[in-house]
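Listed here are the chains, written in short residue letters.
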Amino acid sequence: MNDIDHEQEYSRRWEDEASFNDVLAEQIRKAPYVLISIAVHAVLAFFISGWIILNSISSETPTITVNYPPSLPEIEKEEPPEEKVIEPEVNEPQLNPNEIVEPLDQEDHEDEGDPDFKSDAPLDLDSFILDTGLGPGGGGLYGPRGNEGGPRSGSPSEKAVQAALDWLADHQTAEGFWDCDEFPLEDKYPNEPPSTGPGNPVNDVGVTGLALLAFLGNGNTMSEGQYRENVSRGINWLKRVQLETGLFGDDIGNPTLYNHSIATMAMGEAYYFANRTPQLQKPMQKAVNLIQHARNPYGVWRYALEPNGDNDSSVTGWMIFALKTAQDGKIPVSKDNFDGAKSWFAQMTDPGNGRTGYDYKFGRGSAPARPEGYKDRWPGSKSESLTAVSLLCSIFMADATKIRSNKDYENFEILKKQADLCVRTLPIWDDPGGSIDMYYWYYATFAMYQWGGNHWKQWQKAIEKALIPNQCTESTGYKK
């Protein structure tokens, strides 16, 4: 597969503006990436209730097949970016004493982390805002968090996000979670057609985490924002269903670690915005300890809570972002987790074209895996989901102090090939053709913004075209 003929080095937003306020203004003017990501979160929270990866309560590994994509067309050549310089800045949030519903006793505030998991990472990340695909799109090391700088001008993106958040708020249960199979019972639109398409109840924990990430990404916390009550109820529900082992919810087979990692991400974002309050520190530390314990020594993760030698790229992606969220909140995370993930993605990535495979069975560079019965409905040839996972993980696992442009990545050539693959497989809303892959769109939206340049411009245009006109608005009261 041919690479782009003309390679252009990109300037990072975090290094190029004169001030933090300038870069916010520039993001308002140029890229509604925050809203795009929130929309993906919101839509993903709905669709993932029936997502094919989490739809089995069996602990057995599903039968999975892959198919390979055809040759792909060349992408557009890069355009030179504008030169900008900014200085990174962090505005620490303040904790409202009324925001925690279930305060813990002072003696419970002690660090319960396993001493063996204390981080030996060389970076002090105080100077950066790590946003690992959690709330605002494309924030990461190079942008704002919590929807700072998103458009507020009544744009189509803003209206779509507001409608999606309203829908999520109106389908939250009184207990605080999102009920995948009985969410139609929470419908608050009596004069509109009822909601349809119930999902699988084993996914309640993961879907609740995704919904919370959508609200948190829009700037809502447990104490601030239009949806602060929704966030507070959701976070406290996750606290209530966390087991002594640290697991959010029950062990229900293959979906267990997906649910847990997403819930950990949501708890981590709430913890960050609550100024690392001790009331949320304990559940975060327990959740992280469980993730680190589940990793295979010298390897990564798959479905099992106990290490058993099985690894795959999909579960590993979620785990890395859960751990990066924790690290952002100064929860101790062992460097071994990231070293294992770097090694895994290198083994699974075809150096010739950059495509990342699923597991050892299918080998490096294999197309996205599909359980039996789904490979024809959602062809792997129309997705680069695991390539996007690998690209985004690589970006966030890099030493940010050494990255001033894309060419500073030690594996730049591979990452560039991965970015090329993503823009050759742009989002298209084609339900009969099986191209709607929210999992892929979620990861690639973050990855393309982080990569920047013409890759991001092409992706941004395509994701807006795919999502905004196809939002279902009949039962939200929102009219286009």
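To start, this report covers the structure provided alongside it. Because the structure is predicted, anything quoted here is derived from the model rather than measured.

**Observations concerning the nonpolar core**
By size, the foremost hydrophobic cluster in this structure holds 101 residues, and its most contacted members are Leu238, Trp301, Trp441, Tyr443 and Met448. With 12 residues, helix 13 (residues 438-451) is the single largest residue contributor to this core.

**Some words on the environment of glycine 199**
Secondary-structure assignment places glycine 199 in the loop between helix 4 (156-170) and helix 5 (204-217). Residue classification places glycine 199 among the buried positions, given a relative accessible area of 19%.

**Quick look at the packing of aromatic side chains**
Evaluated as defined, the whole model comprises 21 aromatic pairs. With a centroid separation of 4.9 Å and 75° between ring planes, the pair formed by tryptophan 344 and tyrosine 360 is classed as edge-to-face. A residue pair is termed long-range when its members are at least 10 positions apart, and tryptophan 344 in helix 10 (residues 335-348) and tyrosine 360 in the loop between helix 10 and strand 2 (369-371) qualify at 16 residues. You can call tyrosine 360 partly exposed: its relative accessible area is 49%. A network of ring pairs unites the aromatic residues Trp318, Phe321, Phe396, Tyr439, Tyr442, Tyr443 and Phe446 as a single cluster. Over the ring of phenylalanine 338 we find lysine 324, and its NZ or CZ is 4.9 Å from the ring centre. One Lys or Arg, arginine 377, reaches over the ring of tryptophan 378 and ends 4.6 Å from the middle of that ring.

**Thoughts on the pattern of salt bridges**
When the charged atoms of two side chains with opposite charge come close together, those side chains can pair. Across all of its chains, the model carries 8 salt bridges by this definition. One salt bridge connects aspartate 339 with lysine 335, and the closest N-O pair in it is separated by 2.9 Å. Taken together, the residues span about one helical turn, with aspartate 339 and lysine 335 both in helix 10 at a distance of 4 residues. Judged by its relative accessible area of 30%, aspartate 339 falls in the partly exposed class. We note a salt bridge from aspartate 420 to lysine 416, for which the minimum N-O separation is 3.6 Å. With aspartate 420 and lysine 416 both in helix 12 (residues 412-423), this residue pair falls 4 residues apart, about one helical turn. Residues joined by salt bridges that share partners form a network here, namely Arg302, Asp312 and Asp359.

**Observations concerning the packing of helix 13 against helix 14 (residues 453-467)**
At a minimum axis separation of 8 Å, helix 13 and helix 14 run at an interaxial angle of 145°. The handedness of the crossing between helix 13 and helix 14 comes out as left-handed. Here Met438, Tyr440, Trp441, Ala444, Thr445, Met448, Tyr449 and Trp451 of helix 13 come into contact with helix 14, specifically with Gly453, His455, Trp456, Trp459, Ile463, Ala466 and Leu467. Considered class by class, the residues forming the contact of helix 13 with helix 14 number 12 nonpolar, 3 polar and no charged.

**Points about the environment of threonine 356**
Tracing the backbone shows threonine 356 in the loop between helix 10 and strand 2. According to the relative accessible area criterion, threonine 356 is buried, its value standing at 2%. Along the backbone, threonine 356 and alanine 388 are 32 residues apart, and their C-alpha atoms lie at a distance of 8.4 Å. Non-local contacts of threonine 356, meaning those with residues more than four positions away in its chain, are made with Ser313, Phe345, Met348, Thr349, Gly365, Ser366, Leu386, Thr387, Ser390 and Gln418. A polar contact of 2.8 Å, which involves the side chain of threonine 356, links it to the side chain of threonine 349. Looking at threonine 356, its side chain comes within polar contact range of the side chain of glutamine 418, at 3.1 Å.

Conventions and cut-offs
Residues numbered from 1 in each chain as written. Predicted model: local features only at pLDDT ≥ 70, side-chain atom pairs only at ≥ 80, totals over all residues. Heavy atoms only, no water. Core = buried A, V, L, I, M, F, W, Y, C linked by side-chain atoms within 4.5 Å. Buried < 20%, exposed > 50% of the residue type's maximum accessible area, 1.4 Å probe, protein only. Helix = DSSP H or I, 4+ residues; strand = E, 2+ residues; numbered from the N terminus. Phe/Tyr/Trp six-rings, centres within 6.5 Å; stacked < 30°, edge-to-face > 60°. Lys NZ or Arg CZ within 6 Å of the ring centre and 35° of its normal. Salt bridge = Lys/Arg side-chain N within 4 Å of Asp/Glu carboxyl O. Axes fitted to C-alpha atoms, helices over the stretch in contact; angles between N-to-C directions. Left-handed = near helix turned anticlockwise from the far one by under 90°. Contact = heavy atoms within 4.5 Å. Nonpolar A, V, L, I, M, F, W, Y, C, P; charged D, E, K, R; others polar. Polar contact = N/O pair within 3.5 Å; in protein donor to acceptor, adjacent residues only side chain to side chain.

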